[in-house]
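# Secondary and tertiary structure notes
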Protein chains: 4
Amino acid sequence: MIAVLKQGTTTQQRDSLCEWFRNMGLEVHVSEGRYKSIIGLIGDTSGVDIGLLESLSIIESVKRISEPFKNSNRKFHPEDSVIDIGGTKIGGGNFQIIAGPCSVESREQIIQVAKNVKASGATLLRGGAFKPRTSPYDFQGLHADGISLLLEAKKETGLPIATEIMNANDLDLFEDIDVIQVGARNMQNFDLLKSLGKTNKVILLKRGLANTLKELLMSAEYIMAGGNENIILCERGIRTFETYTRNTLDLSAIPMLRELTHLPIIADPSHATGLSRLVEPMSLAAAAAGADGLMIEVHNDPEHALCDGAQSITPEQFDTLALKVRKVREVLSL
Amino acid sequence: MIAVLKQGTTTQQRDSLCEWFRNMGLEVHVSEGRYKSIIGLIGDTSGVDIGLLESLSIIESVKRISEPFKNSNRKFHPEDSVIDIGGTKIGGGNFQIIAGPCSVESREQIIQVAKNVKASGATLLRGGAFKPRTSPYDFQGLHADGISLLLEAKKETGLPIATEIMNANDLDLFEDIDVIQVGARNMQNFDLLKSLGKTNKVILLKRGLANTLKELLMSAEYIMAGGNENIILCERGIRTFETYTRNTLDLSAIPMLRELTHLPIIADPSHATGLSRLVEPMSLAAAAAGADGLMIEVHNDPEHALCDGAQSITPEQFDTLALKVRKVREVLSL
Amino acid sequence: MIAVLKQGTTTQQRDSLCEWFRNMGLEVHVSEGRYKSIIGLIGDTSGVDIGLLESLSIIESVKRISEPFKNSNRKFHPEDSVIDIGGTKIGGGNFQIIAGPCSVESREQIIQVAKNVKASGATLLRGGAFKPRTSPYDFQGLHADGISLLLEAKKETGLPIATEIMNANDLDLFEDIDVIQVGARNMQNFDLLKSLGKTNKVILLKRGLANTLKELLMSAEYIMAGGNENIILCERGIRTFETYTRNTLDLSAIPMLRELTHLPIIADPSHATGLSRLVEPMSLAAAAAGADGLMIEVHNDPEHALCDGAQSITPEQFDTLALKVRKVREVLSL
Amino acid sequence: MIAVLKQGTTTQQRDSLCEWFRNMGLEVHVSEGRYKSIIGLIGDTSGVDIGLLESLSIIESVKRISEPFKNSNRKFHPEDSVIDIGGTKIGGGNFQIIAGPCSVESREQIIQVAKNVKASGATLLRGGAFKPRTSPYDFQGLHADGISLLLEAKKETGLPIATEIMNANDLDLFEDIDVIQVGARNMQNFDLLKSLGKTNKVILLKRGLANTLKELLMSAEYIMAGGNENIILCERGIRTFETYTRNTLDLSAIPMLRELTHLPIIADPSHATGLSRLVEPMSLAAAAAGADGLMIEVHNDPEHALCDGAQSITPEQFDTLALKVRKVREVLSL
C-alpha cells in the first residue's frame, strides 16, 4: 500500500503516521520528494481501512498494491481449488455443466428436463424455486414445493441440484440441496453471505450486474471469512449501454479471475444474453476462455416457460451444444 | 403494449393470440403490413409477463408503451404524495434535509452531531447502525447499540431518525425508528422489500448502482403492493466508467422521476461523489434540479470517522451548505 | 415504425399526420385506444428522422420496429458477404488472422515480425504508422515512413497489409495498402467515413468504446452509402466500470452482428484486454463465438515495444495461439 | 509515479532501471520489502510512456501519482483562466450563456432566434452548420451556407458565434467564427485537435460520451501543446445504462474539473438529456454546481426543427430559464 502525503505535511505529522502504521505491524518506507512524500507500506494491509486513511488531512491519496482479498487470493493458495459436489468435482481441470429450466413448474416438467439434460451430459440440475423478479406482478416461483420437486428429480436421476436462495430464513429448506446459488442481485446482500458462511454447503456466487471482479472476490471473502470455502464463482453478464443483448457477458473475467483466485469459475450465457439463439456460441466461447463449467437454461417447452423462456434452449439444442463444448475443451488441453 | 409478429405467422395463429389477449381484458388492434403484422394492446398490461410473450415462436418483438409500474405511477395519482414523518412532511413542496454521521460511533458523537445539524436546519438525523461494507474486514456498525444511541439522540433533540436496515429479521429493533433506509445494494433484495411492504414505516429506497429508474420504481412497487405507500426515493449515484468520483450522481433522475411518479425524491451527494469537497456543489445542484430533500453525511471529526470519512463534511460546512440550499430553493419558486 | 399519439390529439391532427406519412410512401395503420392512438408505419422508414417526429407536440413516443440500417442489413442481403483482400477472402466461412506489431518501429522489426507471423499462419500483416494516443506526449507513429516499411514487408512476405488511417488527407499514402483501418475513436468521424466511402479499399471498421452495435452498423452505412461495400467490422472491447481489464471484450456482439448484418466480423483481443496473457484465451473464445477473423498484436520484443507492449504477445506465443484457433474452428463446423 | 517491481527482480536489474529513470531527469527513491520493491519517481513524469514501462518483465505495476496533463493542470497555473471571446469573457467568475438552434435552417430562423435569445440575456449565439448525425440518411447541415447565415446573425445582433467543426479542411470557413466547437464524437480526433492547436481561435471542447475527465484534459492538452490555450471545456452527458434520458449529465464533473484545471467549464443540458422539459432543471443544477456557462438549444419552432427538436426549448422558456439561472448564480456568491 502506498500513501502519498500532501504538500506541507510536517515531519512530525509524517512520523506520527509512520508510527501508527508500524503499530499495525507494517513495514514502513518513506520517499521524500521536493513537493510530496510517499509512504510505502509492506505487510498484511487487508485490515487497513482505506476510507479512514483517505480521510486524514495530511493524505493526498492512497493506493493498494496488493489485493484486499485474502482467503480467495491465489497468491496465498497457488493451486486450483477443487470443489466436491456429492462426488462430482469442479475446478482444477474438472468441467461440469449445470442445466435445467429457469423455474420449476411441475413434477413432469422438471423430471423430463432432468432426464434429457443428463442424457446429453449435464452433471448437475438447475431449476428455480425462489425467483427474483423485477416486477412484483410476475411469477415468483413455487417455493417449498419447487424444492420438493427438485429433490424428486434428484432421486429419479441422481443429478445433484443447484437452486437459488433469496432469504437466509429459508435455509432449512435447502438441507438436501447440493449447490446453493446466490443470484446477481444478492451478491452484496452481506447478511445472506454471512449466513451462508456458517454452512458447509457449496455456494454458487453470481457476479452482480454492476460489480467489479474485486467486489465479487470480496463477497466470496464474506462467505470464506465464516469458514465455508466451497465457493464457485459465476460470470453472468454485466450491465452496459448495449441494448441488443440483455447484458454483456464479460468473458475476459474468466482468465482474469483465474489469475486472481483459486476458486472455480463458470459462466451463465443464458441470463447474460437473454436470447436462446446466442446460448450456443457464448457457451463455446466461455469454454474456450477456460471456464470450469457452464450454467445453461434448458426447457422442454421454452415457448411456454413461465419465465425467461426467451433465453431457454430445447433439450435437442442442448445436446448439440454439450457435444461441441466437449470438443472445445479438448482443444484447450492440446 | 405492441407485439410485432414474425413474417410467416398464419392468420389462425394470429387470431388465437388475439383471443388470448382479449381474455386478459385487453383491447386488441391489428395492423397488417406486407411482411409483418403489428398487434396493439390497450388496457392494463402490467400483469402481462413480457418474458413469456417474447418466448412465443410467432413473436418478433414486444414493446411496452405504458409503464409496468402502477401504484407509484403519476398517471394514476397525479398529485404529489406528501409523506408524514412524525409531523415532518416531505414531498409536494415540502423540502427536508437528513443529516448525520455515516456510522453511529458513540453517545457523545451522535448527540453532538444531532445538535449541530439541528441548529443548522436539518430536520432528520441519519446515522448507520448496520453498515453494508464491501470488505468483511471493515467496521460493520454498532448494530442494536447503534439503534439505541440514535433513539437517545432523538429524545435529546426531537429529530426523527433515519437509519438503514440490512435484514428483515432486525425489524423489531426499528420500532421507534422513523425512516427505514434500504441501501443501494439491497434495492433488489425483494424479500426485504416485501417485509417492509407489510409495515407502515416510512421507507427511504435508494437507487442501486446499476439500476434504471424503471427498476427503482418497480422496487417501490414491491413495497406498495404490500400496502405500504410511505416511500421516499433517493438518487445516490450510479456506476459509470469515470474514476475521479466514486459514482456519478445522476441529477436528471430527479426531474425524470418527478414526471413518472408522485413519490418524493431526494439526493445523497455524499455517497455519490465520495469526496467531502464535492458535497456542497452537488447539494446545491440537487436542490436546483428540484429534489424534495437531501441526505448528507456530517461528522464532528471527519478525519477520524470509522467509515467514509472522506465524504463527510463538518458541522460548520453543513451550516453554510444548508443556508445556500434554502436560497436556491427560493429561486425555484420564483 | 410505431408512433404513439398523446392523449387529447384531435382527429384532424391525427389525420394530417397520417397524410404526411402516406406522402413519404408509407403504409399507415391506426389503432384507437381509450386514452391514446397508435400509428403503425410500414415500408422503408430509414429516411424518417426520428428526432423530428419526437419533437411534434402530438407525439408521445416513437419506436422503430425495423432497423435504420439498410445496405448492411442482412434482411435485404441474406448471404454472408465475402470480402476479397488481394486474393485473400474473409467472411462466408473464410477465416483470417491479421497479426503484427502495434507500431511499425524499424525495417528489421516489421520484416522479422511479418516473417514470423506468416510462418505461424497469419494471412495479413498489421502495424501502426499513424497512432492515436491519448497523450500528445506519447509516440505518434512513423507516419509516411511507417507506410513505406509496411510495403517493404509486403514485398518481402507477400502478406497484404492492414493499417490505420487518422486523416482523410493522408489517403494518397494508402494507395498500396490493402485494408484501411478506422480506429475506435474515429468510428463516428463521419467526414472520414464519407471519404472512405468514395474509395474501393477494404475498410476495417472498429467499434467505438461506447458505441452500440446499431451505431456501428450506421457507421458502416456511411461508408456503404458512398458506394464502398468492402467493410469488415471489428469488436475491440467496450468501456465499462471494470478496471482489471482495459476494456470489456463484448463477444456476444459477434453472433448478434451475424444476425443483423451480412458483413464479416472479427475481434481484437489485444486492445480489448490490454494484457498479453489474456490474448490467447480471448482469441479462442472469439473464434468459438463464430468470428470471421482475429486481429492480434505480435512483437518480437514486446518488452521494448514503443507502445502497448503490455498487450503484445511473442511470435512463439502466437504460433501456439494460431494452432489452437484452427482447432477451435474445426469444432464449429462439426 | 510509483513502479512496483516483481518478486525475483535482481539488484542489478533494479539498479539499471533506476539509472534509466535518473537519466530522464527524475529523482528515484527505492523501498525494499520482503517480497517486492517499490520505486518512487519524483519530477516531471508526463513524458514517461506508461505502456512501455508496464511492458518490462521486471515491472508488476505502475501508477501515476501526478496527473499526465500539464498545460491544463491547475497545479502549475493556480488562477482560473479567463477566455476572451471578442470582448465577452468566460471563466474566473464570468458566466455566459450560449444559446441558439441545433441547426441553422434559414436566414429568418437564425436571426429571429438570435434576437430572442439576446433579449433574454444570452451572450453568444450557437447554431450548427456541420452536423454529426448517426445516420447518413439524416439532415447533415447547410455547411458553408450555414456559416454565412450565422455571420449575418452576428452582424445583425452583435452576438459572437459558436459553431461546430467536423473537418480541419473546413478551417478557412471559420475565420470569422468566434468559438469553434469540437463535438463529443470528435473529442479524440487527434488530428483535428492538432490543427486547432495551431490556430488562435477559442475552442469549445466537448467531453466524449465514454471519456473520462482525464481523457478530456488530455485532449485539451493536444490543443494546448500546439500553442493555443483558449479552451472551454463542456460536459454534455455520458453514456450509461439508463434509457429514460438520452445520456447522463455528469454534473459532478464541474466541481471535479474545477479542481483539476484552470480552464472554464460549461454544461450542455440539451444534448445530455435529449428532452426539452428537462433543460430548465438541469440548467439550474449546472449553474448551482458552479458552471462558468451553459449551452442551450433554443428554437422558435421546436416542433418543426430539422434535428433534435425534442430537446429544444422555446424563446419564452429560455427567458424564464435565463432569469432563474441568474438568481441561482447570486446564491453562489453569498
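Residues numbered from 1 in each chain as written. Chains lettered and ligands numbered in written order. Predicted model: local features only at pLDDT ≥ 70, side-chain atom pairs only at ≥ 80, totals over all residues. Heavy atoms only, no water.

## Side note on the packing of aromatic side chains
Two measures describe an aromatic ring pair: the distance that separates the ring centres and the angle between the ring planes. Which entries qualify depends on this criterion: Ring pairs shown here join Phe, Tyr and Trp side chains whose ring centres sit within 6.5 Å, with only the six-membered ring taken for Trp; geometry is labelled stacked below 30 degrees between planes, edge-to-face above 60, and tilted in between. Only DSSP runs of H or I covering at least 4 residues are called helices, and only runs of E covering at least 2 are called strands; the numbering of each starts at the N terminus. Three exposure classes are used, based on accessible area relative to the maximum for each residue type with a 1.4 Å probe and protein chains only: buried under 20%, partly exposed in between, and exposed over 50%. Geometrically, a lysine NZ or arginine CZ counts as sitting over a ring once it is within 6 Å of the ring centre and also within 35 degrees of the ring normal.
Per the counting criterion, the structure on display carries 12 aromatic pairs over all chains. Ring centres of C:W20 and C:F21 lie 5.5 Å apart, and the angle between their planes is 45 degrees; on these two criteria the pair is classed as tilted. Between C:F190 and C:Y222, the aromatic rings sit 4.5 Å apart at their centres with planes inclined by 20 degrees, giving stacked as the arrangement. Of this pair, C:F190 sits in helix α5 (residues 190-197) while C:Y222 sits in helix α6 (residues 213-225), placing them 32 residues apart in sequence. Like C:Y222, C:F190 is buried. Here B:K70 stacks its cationic end above the ring of A:Y137, 5.6 Å away from the centre of that ring.

## Some points on the pairing of strand β7 (residues 96-100) of chain A
Residue and element names in this part refer to chain A. Heads up, the rule is: In short, DSSP must find at least two bridges between two strands for them to pair. Consider the strands pointing away from the viewer: the crossover is right-handed when the path from the first strand over the helix to the second runs clockwise.
For β7, a buried count of 5 out of 5 residues is recorded, marking the element as mostly surrounded by other parts of the structure. Relative to strand β14 (residues 293-297), β7 runs parallel, the two sharing 5 bridges. In the strand pairing of β14, G100 is matched with E297. Across 2 bridges, β7 lies against strand β8 (residues 124-126) in parallel orientation. In the sheet register, I98 faces β8, and the bridge partner there is L124. The parallel pair β7 and β8 is bridged by helix α3 (residues 107-120), and the resulting crossover is right-handed.

## Structural notes on the interface of chain D and chain C
Keep this limit in mind: Residues are treated as being in contact if the distance between any of their heavy atoms lies within 4.5 Å. Buried area is a sum: the accessible area each of two parts loses on coming together, probed at 1.4 Å, counted once for each and added. Think of a salt bridge as a Lys or Arg side-chain nitrogen and an Asp or Glu carboxyl oxygen that are within 4 Å of each other. In protein, a polar contact requires one atom able to donate a hydrogen and another able to accept it; more generally it is a pair of N or O atoms within 3.5 Å, and residues adjacent in sequence count only if both atoms are side-chain atoms. In this classification, Asp, Glu, Lys and Arg are treated as charged, Ala, Val, Leu, Ile, Met, Phe, Trp, Tyr, Cys and Pro as nonpolar, and every other residue, Gly included, as polar.
Each side of the interface is counted separately: chain D has 46 residues, and chain C has 46 residues. When chain D packs against chain C, close to 4000 Å² is buried across both sides, 48% of that on carbon and sulfur atoms. Per-residue buried area on chain D facing chain C is highest for D:Y137, D:R239 and D:E303; these three make up 16% of the total on that side. Inspection of the region where chain D meets chain C yields 2 salt bridges. Applying the counting criterion to the chain D and chain C interface returns 21 residue pairs in polar contact (both at pLDDT 80 or more). Counting residues per element, the side of chain D that touches chain C draws most heavily on helix α6 (residues 213-225) of chain D, which supplies 5 residues. Residues that form the side of chain D that touches chain C fall into these classes: 16 nonpolar, 17 polar and 13 charged.

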